[in-house]
Amino acid sequence: MAAATRAGTRRPAGIVPTGVLVLGAVYTLFPVSWVVVAATKSRAELFSTATFAPGTGLLSNLADLFAYRDGVFWLWLLNTVLYAGGGAVLATAVATVSGYALATYAFRGRGLIFNLLVGGILVPPVVLAIPQYLLFSEAGLAGTYWSVLLPQILSPYSVYLARIYARAAIPASLLEAGRLDGAGEWRLFRRVSLPMLTPAMVTIFLFQFVAIWNNFLLPFIMLGDDHRFPLTVGLYTLLAAGANQPSLYNLIITGTLLSLVPLVALFLTMQRHWRADLSGGAVKS
Amino acid sequence: MTTRPLTTRPVTTRTRKGAPRAGAVPYLFLAPAMVLFTLFMALPIGYTGYLSLRRTKVSGLGLGAGARTEVFAGLGNYAAAIGDGELWAGWLRVLGYGALVLALMLGLALVFALMLDAAHVRLARITRISIYLPYAVPGVAATLMWGFLYLPGLSPFGDHPFLGAGLVTFSMANVAVWGGTGFNMLVLYTNLRAVPREYYEAARIDGAGELAIALRIKIPILVPAIVLTTVFSVVATIQVFTEPTTLRPLTNTISSTWSPLMKVYRDAFVTGDLHSAAATSMVIAGISLVVSLGFLRIVKNHAFGED
């Protein structure tokens, strides 16, 4: 790299950086491409054919997977969409109103409330999970959809993002002008501020959606009945049941592939907005 | 938490003092968050603390109603958690695993970010998206894919004992590196893109090569972001659970208490000793908190002060 630009070479090819990045891409795409190929192999082919030789069993694998325990896999997929979609919508709404209030109003206790909410970033899920389970049990809600949905609605990190974004995007003078025109606070929020907060809301939604979609610990602890499992816990139980039975491997591999498809598709279509960034300045793009 | 707000910065010069006397309005806006915070964070934390200070007292043979009662245990559970050899072994395993993951993941993330930012790089967009892609892959799915790639009979890498006692830590670290490099790369890269290009022009005019620019300008600029990503990674590593739990069915080299968090799970839900599980999770939380707060002190003005 240094040598390439040292002398007067005007257009060095950038072989080193390009080569390093290509190697990185090969590393990340390797297991994904393997699972795509492996899902096409029948039981016999899985162990006998060359690693990247496509097989003939994709349709029967899919049929087996969807027939497994009366189609419980579909239910896992549906549950995941429900948890991640519902949770992310609610989390975005809560974070947006909270961040907006923290950014635009001066009121007693603002610093304390902000510190409390954002301090949640530092709280490890592990301290919460066990007592959350016990408290839900007390309330008779352990094992229900609510037990997985409710704890994931408040996202401290999202509140933090919403606040820095609102502070940067909404000029106080604009709100002032609205008030002089006689607009109420709720109307100001809905009509004036919300449109300006949309980019932040997209980021927060995506961030929460992925976080809930990928979460394993909370549903693993909360749920007992596999009809309420999300994909992550479902796949785990499939593996736990099938680890010693190579006959189930096709099912697990196909299930893994299908669990990737929705999120990877979402990722690829939305990747422009995908700035789940940790440093404030970058949120604005 | 510290008593100062995280974003201590005299930013309020912009007409903020003209903020209205809004009365109850901000509290109404914040009500949902505060209710959720109370129910799902404050209450569970308090309850964990309470549980960690209690123990079950068994009288007689432990049979019949009233034979098991809960009594105050002082710091007994904490003493037990700190003196527990199995837990120590777990901490040591996670320490070795974490050192591997951090060095490889953040090292690769830094290299990739610098390469993306280098002059005349080709295929930058497609490689960036590819390397970031695992962010969209659930930890369970990532572990399953690699788990099968490690399995003798299936592995395209030959029949090495990837899941044997000697290699399992490396194999597991590889899953975490695979899953986390892209995210960290993007954080570092975004920071680099915010640097005015003139800096580099000036350095080039002074005769600096690309390597010198990377080492002398870019890396120093990235230090706060590197500290930030390091701490988030350390905290995540301390609490590692999904990967070893998912890999367990494929090998007998991962015990049910491989990581401290797995031991918490086992104590709470398999052996049913909630009190020692609570104490252990408080210890894990304490360590996470010390690390996080330590980092906040270091980078407060850089990372969190930047509005």
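Everything quoted here is computed from the prediction, not taken from an experiment. (Residues numbered from 1 in each chain as written. Chains lettered and ligands numbered in written order. Predicted model: local features only at pLDDT ≥ 70, side-chain atom pairs only at ≥ 80, totals over all residues. Heavy atoms only, no water.)

Trainee: Before we go on, may I ask you to explain the overall build of chain A in this structure?
Mentor: What chain A contains, in helices and strands, is 14 helices and 0 strands. Ordered by position from N to C terminus, the α and β elements of chain A give α-α-α-α-α-α-α-α-α-α-α-α-α-α. Taking 2.2 N^0.38 as the reference for a compact globule, 285 residues should give roughly 19 Å; the C-alpha atoms of chain A span a radius of gyration of 24 Å, well beyond that estimate. Put simply, chain A has 285 residues, and 55% of those count as buried. Looking at chain A alone, contacts between residues at least 24 apart form 69% of all its contacts between residues at least 6 apart. Of the roughly 11,700 Å² of accessible surface on chain A, a fraction of 66% belongs to carbon and sulfur atoms. The averaged location of the 10 negative side-chain charges in chain A is 17 Å from the averaged location of its 18 positive side-chain charges. (Helix = DSSP H or I, 4+ residues; strand = E, 2+ residues; numbered from the N terminus. Rg over C-alpha atoms; globule rule 2.2 N^0.38 Å. Buried < 20%, exposed > 50% of the residue type's maximum accessible area, 1.4 Å probe, protein only. Contact = heavy atoms within 4.5 Å. Areas by Shrake-Rupley, 256 points an atom, 1.4 Å probe, with all protein chains shown as cover. Lys, Arg positive; Asp, Glu negative; His and termini not counted. Charge placed at Lys NZ, Arg CZ, Asp CG, Glu CD.)

Trainee: Looking at this structure, how should I read the overall build of chain B?
Mentor: If you tally the helices and strands in chain B, you get 11 helices and 2 strands. In chain B, the proportion of contacts linking residues at least 24 apart, taken out of those at least 6 apart, comes to 66%. Of the roughly 13,800 Å² that chain B leaves accessible, carbon and sulfur atoms contribute 65%.

Trainee: Is there a simple way to explain the confidence of the model for chain A in this structure?
Mentor: For any part of a model where pLDDT is low, the fine detail of the predicted coordinates should not be relied upon. All names here are of chain A. Confidence in the prediction of chain A, expressed as mean pLDDT, is 87, and 91% of residues score 70 or more. Confidence drops under a pLDDT of 50 for residues 1-10, and excluding neighbours within four residues, the segment shows 12 contacts in the predicted structure. Note on residues 276-285: pLDDT under 50 across the span, and 25 contacts to partners over four residues away in sequence or across chains. (pLDDT = per-residue confidence, 0-100.)

Trainee: What is the right way to read the nonpolar core from this model?
Mentor: Considering soluble globular proteins, one finds that nonpolar side chains tend to be buried as a cluster. Counting residues in each nonpolar core, the largest one holds 144 residues, and the members touching the most others are Tyr-100, Leu-117 and Leu-154 of chain A together with Phe-148 of chain B. Per-element accounting of this core gives the leading share, 14 residues, to helix H5 (residues 72-104) of chain A. In contact with Leu-117 of chain A, other than residues within four places in its own chain, are Leu-102, Leu-154, Pro-156 and Val-159 of chain A together with Leu-30, Ala-33, Met-34 and Phe-37 of chain B. Formed by 22 residues, the second largest nonpolar core is a distinct cluster that contains Leu-21 of chain A together with Ala-109, Leu-114 and Met-115 of chain B. (Core = buried A, V, L, I, M, F, W, Y, C linked by side-chain atoms within 4.5 Å.)

Trainee: So what exactly am I meant to see when it comes to the packing of aromatic side chains here?
Mentor: The description of an aromatic ring pair uses the distance of the two centres, along with the angle that the planes make with each other. Residues and elements named next belong to chain B. Applying the stated rule across the entire model yields 39 aromatic pairs over all chains. Where Tyr-150 meets Phe-162, the ring centres are 5.5 Å apart and the plane angle is 35°; that geometry is what we call tilted. Residue Tyr-150 is found in helix H5 (residues 139-150), and its partner Phe-162 is found in the loop between H5 and helix H6 (168-193); the two are separated by 12 residues along the sequence. Here Tyr-150 falls in the buried class, since its relative accessible area comes to 4%. By relative accessible area, Phe-162 is classed as buried at 17%. Between Phe-241 and Tyr-265, the ring centres sit 5.8 Å apart and the planes meet at 55°, which makes this aromatic pair tilted. (Phe/Tyr/Trp six-rings, centres within 6.5 Å; stacked < 30°, edge-to-face > 60°.)

Trainee: How should the interface of chain A and chain B be read in this particular structure?
Mentor: It is common to give the size of an interface as the accessible area that goes away when the parts come together. Contacts between the two partners involve 110 residues from chain A and, on the opposite side, 107 residues from chain B. Taking both partners together, chain A and chain B bury about 9,900 Å²; carbon and sulfur atoms supply 77% of that area. Our count for the contact surface shared by chain A and chain B stands at 0 salt bridges. Counting residues per element, the side of chain A that touches chain B draws most heavily on helix H2 (residues 15-38) of chain A, at 16 residues. (Buried area = accessible area lost by both parts, 1.4 Å probe. Salt bridge = Lys/Arg side-chain N within 4 Å of Asp/Glu carboxyl O.)

Trainee: Would you mind showing me how to read the confidence of the model for chain B here?
Mentor: Residues and elements named next belong to chain B. Mean pLDDT over chain B works out to 85, with 87% of the residues at or above the 70 mark. Note that pLDDT drops below 50 for residues 1-20; the model gives that stretch 35 contacts with residues more than four away or on any other chain. Note that pLDDT drops below 50 for residues 303-307; the model gives that stretch 16 contacts with residues more than four away or on any other chain. Model confidence for the complex: the whole-complex pTM is 0.86, and ipTM, which rates the interface, is 0.87.

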